[in-house]
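# Overview (structure and organization)
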Amino acid sequence: MTADSFSSKDMSESVIPEGSSTPDQQVKTDAPFPIVGIAASAGGLEAFTELIRYLPTDTGMAFVLIQHLSPDYKSLLSEILGRVTSMPVRQVHDLMMVEPNEVYVIPPNTEMTLTEGLLHLTPRHKTNGRYLPADAFFESLAVDRGNKSIAIVLSGTDGDGSQGLKSIKVAGGVTFAQSEATAQFDSMPNTAVATGNVDFVLPPQAIAAELTTLSRSPFLVNSQLPQLVNESLEPGTALTTIFALLRKTSGIDFTYYKPTTIIRRMQRRMLLYKLERLEDYAHYLQENPAEVQALYEEMLIHVTSFFRDPETFERLKTQVFPTISQTKSLNAPIRVWVAGCSTGEEVYSIAICLLEFFGDQATVPPIQIFATDISESVIKKARAGFYLDAQLDGVSPDRLSRFFVPVVTGGYHVSREVREMCVFARHNLGGDPPFSNLDLISCRNVLIYLSDMLQDRIMPSFHYSLNETGFLMLGTSESVKKSSNLFTSVDEPFKLYAKKLTSTRPLLSLTASSYPTFSINRQQRVSEDIGDDFDLARKVDQLISNRYAPVSVVINDQMHILQMRGDTDPYLKMTPGTTDLNVLMMTREGLLIGLRTAVYQAQTQNAPVRQEEIALETGERSTLLNLEVIPFQSATSDSIYFLVIFEAVSPAVIQPKPVADRSEPADLEPEIENLRQALAAAVQRELLAQAHLKAVIQEQNDLNQNLRVANEEVLSSNEEFQSANEELQTAKEEIQATNEELFTTNDELRSRNLQQNRDNSDVNDFVASINIPIVMLTNDLRIRRFTPTAQRLFNFIPADVGRPFSDLQANFDVSQLDPIILEVLETRNLKEQEVQTRTGYWYSLRIRPYHTSENQIDGVILVFLDIDALKRQAVTLETARNYAETIIETVQIPLVVLDADLRVDTANRSFYETFQVNEAETTQSSLFELGNGQWNIPQLRPVLEEILIHDRPVQNLEVAHYFEQFGQKTMLLNACKLQREDNAAMILLSIEDITERKQFETESSLLDRERQLQTPLSEDT
C-alpha cells in the first residue's frame, strides 16, 4: 500500500511501500560488510566461473552462490570454482558464519537464508509448485544487510530471484542481471529485468568490474546516512535543490517526508553513479532530468501482497462486516475506501472477504470499493487485475480457483465478479476531496511515514468520510494519536477504530496548493522559496527590544488587544461583567483622550506618534506618563497593527522660587491682585473645560454603548450567517465529494470502455480472419454472431442478427438441428455429426455450449468443418476396394491375405472350395492352424517371415505336402507384401494346385524314359 507524503504547502500522495518486508525503521545501515547473493539455474556454471574469475580477492565482500542443483547427485561446484579464484570457496553447512572475501555455495536439495550473519539451511520446499531458493535468500539478505545487500541474477530457465530483487532494492541495495547476449539461458535474467528492479544489465566480467568499483564506495565501507540527514533545508543547500527538482517534476513536496527514508533512496542513487557528496548529486540531477524522474520512481517503490496479516482480515469478517451489514438497508451499498492502494492486492483481498462474508446469505448488497493512489503507474497495474504466480502466495487454493481466472501464458486475472466491485483512480489524499458516506476506510502503513501535524490534518477528513457506524483500519504500527476525540478503539492489537460522534464538525482543508515552476540550468542554482508566514510574536519582540522592552500592548485597527507585555495594570483595567478586550474600554481615567488621539494620528499619518507627560490619576495619587504608538503591518496581509508603549515619568524635583524681599509690600499689591484675577479666570476656564470634556466623554461613552449594542446585534446576525455558511460549506464539501466519486467513476468507465473497444477490435479481427463457418446462437436459438465464411454458407445479411436460426433458408435442413442444439444446452456436452447440403457438400458439424467469463451457459456455438474432400476420397477408396474384391472373388486360383501375425485376414471363394474350409473358421485364424494344422508346413513359415521382414516376393515356389483330407498335394506358391490403408503390413498369397500336372509330367517323363530304353533294344534286335 502506498503511503502519503506531505509538506506544509502540499499534501501530495504517498510513496512509501505498504508493510514492506524491510520497512524503513528496520532496514539496517550498520552492517559490517556487504554480502553479494548470486542466483542462477541452467547455464549458470559458466557465468559463475567467469564472474568469480575476474573478482579481486580483497573486495571486502562475501559471495553466496544460489544454484538450482540436482538433489540426486553430489555437488562439485565448490571444487570447480576453487580452481578459478584464490578466495576460499566453501560448501555451506548449517549455521555457518559468513566472512568477507570468501565464496559460499549452497548444498543440493536445500533452501538457505541469512540471519545475523549466519547461514541457515532447511529442506527445500515448493511455492506454487516451484522451487524458489533465490527469492528466499534475497529476501533474508535484504533484512540482514540492508543497504549493504547486493543481488545478481545470472543464466537460468525460470523466474527465480525476480521477486527477491524488490526486497533488495527497497532495503537500499544494488541489483544486477546478466545481459541477454551473454546468457546461455536468458529466461531468468530477462524475468528479473522485466520487474524494473534491476540497476545494471551487464556481462559477468563487467559485473565483476562494477562490484570492484562499488567495494570502494564510502557508502558501503562506512554509512554516511547521518551526515546526509543533517543536511540543512535552508535556501540554496543541496537538499533543498533536490526537493525543488522533485517537486517541479512530480508535484510532490518531500520536505516533511521521513528524512531517513529520503536520504536512503538518494544514497542508493549516489552509490550507482559513484558520487560521494550530496552537492555532486544535486548538480548531476540538474544536468540529467531523466535522473530526477528515476529518483522520483525510486521513492515510489511499492511492496504489498494478498491477505497481508491474515488475522486482520479475519477480524474484518468477525467484527466489522457484521456491524456494517446490520445497519444497512436492503438496497443501500456498502462503501469502502482503500487509501494508498498500490498495485491493488489489498483492495481485492477486502473484496474477496466481503464476498465470502455474504456467501451464505440469500441476497448480497451492492458493494463499492474506491481504491486510490498518487502513482498513475500502480493504478494501471491494479486496474488491470493481473498477477503472476509468485504474487499470489497469500491466496489459498480455494480462493485461487474461485476468484481468479488462469491465463494461458501464465499468471492469473482477478475474476470479473471481484473486479467490478472495485473502482481505481489517482487521488491526492491531502488535497483532493475525500469520499463520503463510507462504511470502512483502510489506510494501512501510510501514517507512520507522516509527521504528527500532517496526521492531524488527515484524520478529520477520515472522520468526515465515515458514516456514523463507520470503521477505520490502520497498520499495525499506527494509531489515531491526537485524534482520539474522533475515533474510539474497537480492537487495538489489529488497529480497528470506530467513528465517534462529536458536537462540532472537524475542519477540513480540501484545496491542494500549487507550486511555481522553476527554470533550472547548469549555471542557475534552484532557490527554495520558503514562505515566511507572518509571525506576530517575533515582530513585536523585535520592536520592543529596540526600546528596552517597556510595558506595552499590541492592538489591531479595531482597538482589540492582541498581546500584552509587562504589568499593564496601572494603565488598563478589566471591565467587570465582560470579556471584551477593547483597549478604549479598559483605559484608566485620564489616559483615554491621549490614547485615542495618538492611535488616530498614528493610523492617519502611518508614523509613530508620541505624547509626553500625560497626567494619570490613580486613586489619590497623580502620575505622569509618556505614551508612544507605533504602527506596523503584516508581510502577508494588509492588516495594520499598533504597538502602544507606556513609559512612566519620574516626578521632577520642584525647585522653590526665591522669596521676594518683603521690604516693599506696597509695590507688590497690584501685581498680586492681577495674579489672583488671572488665577480665578484660569480656574474658571479649567472648570468649564473639564465640564465640557466630561460631557464629551459621556457622549462618547453613550455612543460607544450604542455601538456596542449594534455590534452585538451584528455579531448575532453574523453567528446566524456563519451557521448558514457552515451548512453551505458542508453541502459544498458533499458536492465536491460526490463530484470526486463521479470523476473517479467516469475515469474507471473510460478505462473500461477503452479496454472494451480494444477487446472488441481484437474479437472482430479474430472472427474476420477465421476461414471456418461459425455461428453463435443465444439460449433461445437466435443468431448472435457469425463469421464471414458462415455468412456465405447461409446467405446471411447483417440484419439477420437477432433472428431465429430456424427461420432462415439454409442449404440444408436446419430443423433437424433444433433437437440436437436443445440437447447440448440441457446436457452441456459437445455434439458432433455429419451434415450434407442440398448440393451434396459435406460438413462435420460440432455443437458446443457457449460459456461466459462467469462460467454461465449463454447459448451455443455451431462450427462447420469442411469434410467434403475426405468424404469423396472415402467413397473412391470404397469403390476401389469393392472393385478389387470382385476381381479377387472371380479369380479361380486360391488367394489368401495374411496379416503381420500370419493370420488370415481375407480369402477368396476358390480358396474355401479348394481346401474345403469355411469363412468363419478361417478368418482371423493362423494359417498354420487351418484344418487341424494341415497347413503347418515347416518350409512355408520362414518364407513368409522373409517377405514381411525384407519385402522379398516369392515366385513359383513348389511345395509338396501331405493333407489328411486330400492326400499328397503339390502346390505352386506366389506371394508378395501389401500395405494397408493404416500402413499395416500384409501378405497376398496365391496357391495353385499343380498335383495333377506334376503327376502328368512324371508319367510323361517315365514314358519317355521307357521309350528311350526300348529304342536301342529294338535296334539290337
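Higher on the page you've got the structure.
Reference entry: report on the structure contained in this document. (Residues numbered from 1 in each chain as written. Predicted model: local features only at pLDDT ≥ 70, side-chain atom pairs only at ≥ 80, totals over all residues. Heavy atoms only, no water.)

## Here we look at the overall build of the chain
Looking only at helices and strands, the chain has 30 helices and 37 strands in total. Per-residue burial over the chain gives 44% buried out of 1021 residues. Long-range pairs, those at least 24 residues apart, make up 63% of the contacts in the chain between residues at least 6 apart in sequence. (Helix = DSSP H or I, 4+ residues; strand = E, 2+ residues; numbered from the N terminus. Buried < 20%, exposed > 50% of the residue type's maximum accessible area, 1.4 Å probe, protein only. Contact = heavy atoms within 4.5 Å.)

## As for the pattern of salt bridges
Pairing is possible between side chains that carry opposite charge, provided their charged atoms lie close to one another. Counted according to the given criterion, the structure contains 22 salt bridges. One salt bridge connects Arg-399 with Glu-356, and the closest N-O pair in it is separated by 2.7 Å. Within this pair, whereas Arg-399 is found in helix H16 (residues 397-403), its partner Glu-356 is found in helix H14 (residues 345-357), the two being separated by 43 residues in sequence. Using a relative accessible area of 13% as the deciding quantity, one classes Arg-399 as buried. Residues participating in the shared-partner salt-bridge network are Arg-610, Glu-612, Glu-628 and Glu-647. (Salt bridge = Lys/Arg side-chain N within 4 Å of Asp/Glu carboxyl O.)

## Digging into the pairing of strand E24 (residues 561-565)
For a regular strand, the rule is simple: side chains alternate between the two faces of the sheet. Pairing between strand E23 (residues 551-556) and E24: four bridges, direction antiparallel. Bridge pairing in E24 places Ser-552 opposite Arg-565. (Pairing = 2+ DSSP bridges.)

## Observations regarding the packing of aromatic side chains
Enumeration according to the criterion identifies 19 aromatic pairs in this entry. Residues Phe-794 and Phe-805 carry aromatic rings whose centres are separated by 5.8 Å and whose planes lie at 70° to one another, so their mutual orientation is edge-to-face. Of this pair, Phe-794 sits in helix H23 (residues 788-794) while Phe-805 sits in the loop between H23 and helix H24 (817-827), and the two are 11 residues apart along the sequence. Given the relative accessible area of 4%, Phe-794 is considered buried. Taken together, the ring pairs connect Phe-786, Phe-794, Phe-796, Phe-805, Tyr-841, Tyr-843 and Phe-864 into an aromatic cluster. (Phe/Tyr/Trp six-rings, centres within 6.5 Å; stacked < 30°, edge-to-face > 60°.)

## Some points on a nonpolar patch on the surface
Together, Met-564, Met-574 and Leu-581 line one region of the surface with nonpolar side chains, adding up to about 250 Å² of accessible area. Leu-581 sits in the partly exposed class, given a relative accessible area of 32%. (Patch = residues over 30% accessible without salt bridge, like charges linked within 9 Å, V, L, I, M, F, W, Y side chains within 5 Å. Areas by Shrake-Rupley, 256 points an atom, 1.4 Å probe, with all protein chains shown as cover.)

## Notes on the environment of Cys-443
With respect to the secondary-structure elements, Cys-443 resides in strand E19 (residues 438-443). Separated by 29 residues in sequence, Cys-443 and Leu-472 place their C-alpha atoms 7.7 Å apart.

## Observations concerning the sheet that holds strand E15 (residues 386-387)
Across the sheet, which stays open at both edges, the three strands sit in the order E15-E17-E16 with antiparallel pairing between neighbours. Of all strands in the sheet, those with a lone pairing partner are E15 and strand E16 (404-406), marking the two edges.

## Topic: the side chain of Asn-582
Mapped onto the elements, Asn-582 comes out in the loop between E24 and helix H20 (583-586). Under the relative-accessibility criterion, Asn-582 is labelled buried at 15%. A distance of 2.9 Å separates the side chain of Asn-582 from the backbone nitrogen of Leu-584, its partner in a polar contact. Not counting residues within four places of it along the chain, the set of residues in contact with Asn-582 comprises Gln-558, Met-559 and His-560. (Polar contact = N/O pair within 3.5 Å; in protein donor to acceptor, adjacent residues only side chain to side chain.)

## Describing the packing of helix H3 (residues 133-145) against helix H4 (residues 162-170)
Close contact between H3 and H4 brings their axes to 8 Å; oriented N to C, the two are set at 5°. Overall, the two elements H3 and H4 adopt an arrangement that is roughly parallel. Residues Asp-135, Phe-138, Glu-139, Leu-141 and Ala-142 of H3 lie in contact with H4, whose contacting residues are Ser-162, Gln-163, Gly-164, Leu-165, Ser-167 and Ile-168. Its residues assigned to classes, the contact of H3 with H4 shows five nonpolar, four polar and two charged. (Axes fitted to C-alpha atoms, helices over the stretch in contact; angles between N-to-C directions. Parallel < 35°, antiparallel > 145°, perpendicular 65-115°, else oblique. Nonpolar A, V, L, I, M, F, W, Y, C, P; charged D, E, K, R; others polar.)

## So, the nonpolar core
Within the largest apolar cluster, 54 residues are counted, with the highest numbers of intra-cluster contacts made by Leu-211 and Met-266. Ignoring any residue separated from it by four or fewer positions in sequence, one finds Leu-211 in contact with Val-36, Leu-51, Leu-55, Met-61, Phe-63, Ile-150, Ile-152 and Phe-176. Ala-351, Ile-352, Phe-357 and Ile-367 belong to the second largest nonpolar core, which has 42 residues in total. (Core = buried A, V, L, I, M, F, W, Y, C linked by side-chain atoms within 4.5 Å.)

## Some remarks on the sheet that holds strand E6 (residues 110-115)
Spatially, E4-E7-E6 is the arrangement adopted by the three strands of the open sheet, whose pairing is antiparallel. Each having just a single partner strand, strand E4 (96-97) and E6 make up the two edges of the open sheet. By the bridge criterion, two bridges tie E4 to strand E7 (residues 118-123) in an arrangement that is antiparallel. When the sheet's bridge partners are listed, Met-96 is paired in E7 with Leu-119. H3 contacts E6 and E7 of the sheet and is inclined by roughly 10° relative to E6.

## Side note on the environment of Val-405
Residue position: Val-405 is located in strand E16. Counting along the chain gives 11 residues from Val-405 to Arg-416, while the straight-line C-alpha distance between them is 9.0 Å. Once residues within four sequence positions are removed from consideration, Val-405 is found in contact with Gly-411, Tyr-412, His-413 and Ser-415.

## With respect to the pairing of strand E27 (residues 640-649)
In terms of burial, E27 is largely enclosed, as seven of its 10 residues are buried. Two strands pair when backbone bridges link them, and E23 and E27 are joined in this way by six bridges, in the antiparallel orientation. Residue pairing across strands places Val-554 opposite Leu-643, the latter belonging to E27.

## Digging into helix H9 (residues 238-250)
For H9, built from 13 residues, the straight-helix expectation of 18 Å at 1.5 Å per residue is met to within 8% by its first-to-last C-alpha distance of 18 Å. Looking one or two residues past H9, Gly-251 carries a phi angle of roughly 80°, positive in sign. (Expected span 1.5 Å × (residues − 1).)

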